[in-house]
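Architecture at a glance
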Amino acid sequence: MYNCSLIKFKDIADKYGHLTPIESKIDIPFEIKRIYYIKGVEQGVKRGFHSHRKLHQVLICLNSSVKIRTKNPNEEAVTELNDPSVGLYIGPYVWREMFDFTEGSVLLVLASEYYSEDDYIRNYDFYLEEAVKRYK
Ligand code: T46
């Protein structure tokens with residue numbers, strides 16, 4: 001899907017467990033300026049429902065699982081994240097919805113910019129209005 005892709009990170013496994021390194025601009029396609037994580041989401045709760053204008057992000061589910069619906073004016077996809085060595089890259093002008101958080105899930109997000117509410121489009125009709133020009 002345009003502006004969305006899965007990234008497979010290294011999974012260094014030995015008898016002591018697993019280690020996954022993630023290096024800015026090497027393993028992901030941008031410099032990381034911000035990290036946040038989402039946890040403790042109760043069953044049935046959905047999050048997201050917005051797009052960003054400039055932000056690039058990589059979403060990684062560190063424990064349990066979560067589903068991510070991504071949309072643009074022409075395409076829609078659902079990705080289940082359940083492997084901490086896999087990240088979902090989401091670029092600008094992609095609508096996202098997170099749902100089906102399973103018990104104990106921890107969603108880590110690596111972001112290319114500092115937090116700015118101005119970068120969000122939280123209304124789907126406004127999103128379509130801005131996005132159609134970019135997806136022609
Ligand atoms: C995204 C998805 C995957 C901050 O103060 N700083 C931050 O860095 C972030 C991310 C959020 N906030 C505040 C803004 C809201 O008052 O935390 C509150 C919850 O944020 P929001 O409702 O936007 O959370 P989600 O889970 O719907 O979306 C988040 C990110 O905001 C968003 O960029 O792509 O995760």
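Residues numbered from 1 in each chain as written. Predicted model: local features only at pLDDT ≥ 70, side-chain atom pairs only at ≥ 80, totals over all residues. Heavy atoms only, no water.

Where an unreviewed UniProt entry is consulted, the protein appears under the name WxcM domain protein, with the organism given as Clostridium carboxidivorans P7.

What about the site of the ligand?
The cut-off we apply is this: Only heavy atoms are used to decide nearness, and a residue is near a molecule or strand if one of them lies within 4 Å of it. As used in this structure description, the phrase polar contact means that two N or O atoms lie within 3.5 Å; if the pair is within protein, one of them must be able to donate a hydrogen and the other to accept it, and residues adjacent in sequence are counted only when both atoms belong to side chains. Where accessible areas are quoted, they stem from the Shrake-Rupley method and a 1.4 Å probe; at the residue level, only the protein chains shown are allowed to cover. Where helices and strands are cited, they refer to DSSP runs of H or I of at least four residues and of E of at least two residues respectively, numbered from the N terminus. When residue character is reported, Ala, Val, Leu, Ile, Met, Phe, Trp, Tyr, Cys and Pro are called nonpolar, Asp, Glu, Lys and Arg charged, and the others, Gly included, polar.
The environment of the ligand is made up of 13 residues, and the closest members are Arg 34, Arg 47, His 52, Gln 57 and Tyr 120. In the model, an oxygen atom of the ligand is placed 2.8 Å from a nitrogen or oxygen of the Gly 48 main chain. A distance of 2.5 Å separates an oxygen atom of the ligand from a polar atom in the side chain of Tyr 120. Notes on the ligand: free accessible area 650 Å², of which the protein chains cover 68%. Looking at the shell around the ligand, the elements with two or more residues in it are strand S4 (34-39), strand S5 (47-52) and strand S10 (95-99). Here the shell around the ligand gets four residues from one element, more than from any other, and that element is S5. Split by residue class, the shell around the ligand holds five nonpolar, four polar and four charged.

Quick notes on the pattern of salt bridges
Put simply, the test is: Between Lys or Arg on one side and Asp or Glu on the other, a salt bridge is scored when a side-chain nitrogen of the former is within 4 Å of a carboxyl oxygen of the latter. Per-residue accessibility, obtained with a 1.4 Å probe over protein chains only, is compared with the maximum for each type, and a residue is labelled buried under 20%, exposed over 50%, and partly exposed between these values.
Applying the stated criterion to the full structure yields seven salt bridges. The salt bridge involving Glu 113 is made with Lys 33; its shortest N-O contact spans 3.3 Å. Taken as a pair, Glu 113 in the loop between strand S11 (106-111) and strand S12 (120-121) and Lys 33 in the loop between strand S3 (17-19) and S4 lie far apart in primary sequence, 80 residues in all. For Glu 113, a relative accessible area of 33% gives the class partly exposed. The partner of Arg 69 in a salt bridge is Glu 76, with the nearest N and O atoms 3.1 Å apart. In this structure Glu 76 comes out as exposed when scored by relative accessible area, which is 52%. Ionic contacts of the salt-bridge type, sharing partners, join the residues Arg 69, Lys 71, Glu 76 and Glu 97 into one network.

So, the nonpolar core
Quick note on the threshold: For this analysis, a nonpolar core means a set of buried residues of the types Ala, Val, Leu, Ile, Met, Phe, Trp, Tyr and Cys, connected via side-chain atoms within 4.5 Å. The contact definition used throughout considers only heavy atoms, calling two residues in contact when any of these lie within 4.5 Å.
Val 66, Ile 68, Leu 81 and Leu 107 are the most contacted members of the largest nonpolar core, which totals 21 residues. Here Leu 81 is in contact with Leu 6, Leu 59, Cys 61, Ser 64, Ser 65, Val 66, Ile 68, Leu 88 and Leu 107, once residues within four sequence places are set aside. Core analysis: the second largest hydrophobic core is formed by nine residues, Phe 9, Phe 30, Leu 108 and Leu 110 among them.

What about the UniProt feature "domain: Sugar 3,4-ketoisomerase QdtA cupin" (unreviewed entry) in the protein?
What counts here: UniProt positions are given in the numbering used here, feature names are shortened, and annotations may be inferred rather than shown by experiment.
The feature "domain: Sugar 3,4-ketoisomerase QdtA cupin" (unreviewed entry), as annotated in UniProt, sits at residues 3-130 in this numbering. As a span, residues 3-130 carries 5% helix and 47% strand, and end to end its C-alpha atoms are 15 Å apart.

Remarks on the sheet that holds strand S9 (residues 86-90)
To keep things clear, this is the line we draw: At least two bridges found by DSSP between two strands are what make those strands a pair. Fitting a line to C-alpha atoms yields each axis, with helices limited to the stretch in contact; the angle taken between N-to-C directions then spans 0 to 180 degrees.
One open sheet accounts for five strands, arranged S1-S9-S6-S11-S4; its pairing is antiparallel. At either end of the open sheet lies a strand with only one pairing partner, and these are strand S1 (4-8) and S4. Within this sheet the neighbouring strands show an average axis-to-axis angle of 25°, counted without direction. With five bridges connecting them, S1 and S9 associate as antiparallel partners. Following the sheet pairing, Ile 7 is matched in S9 by Gly 87.

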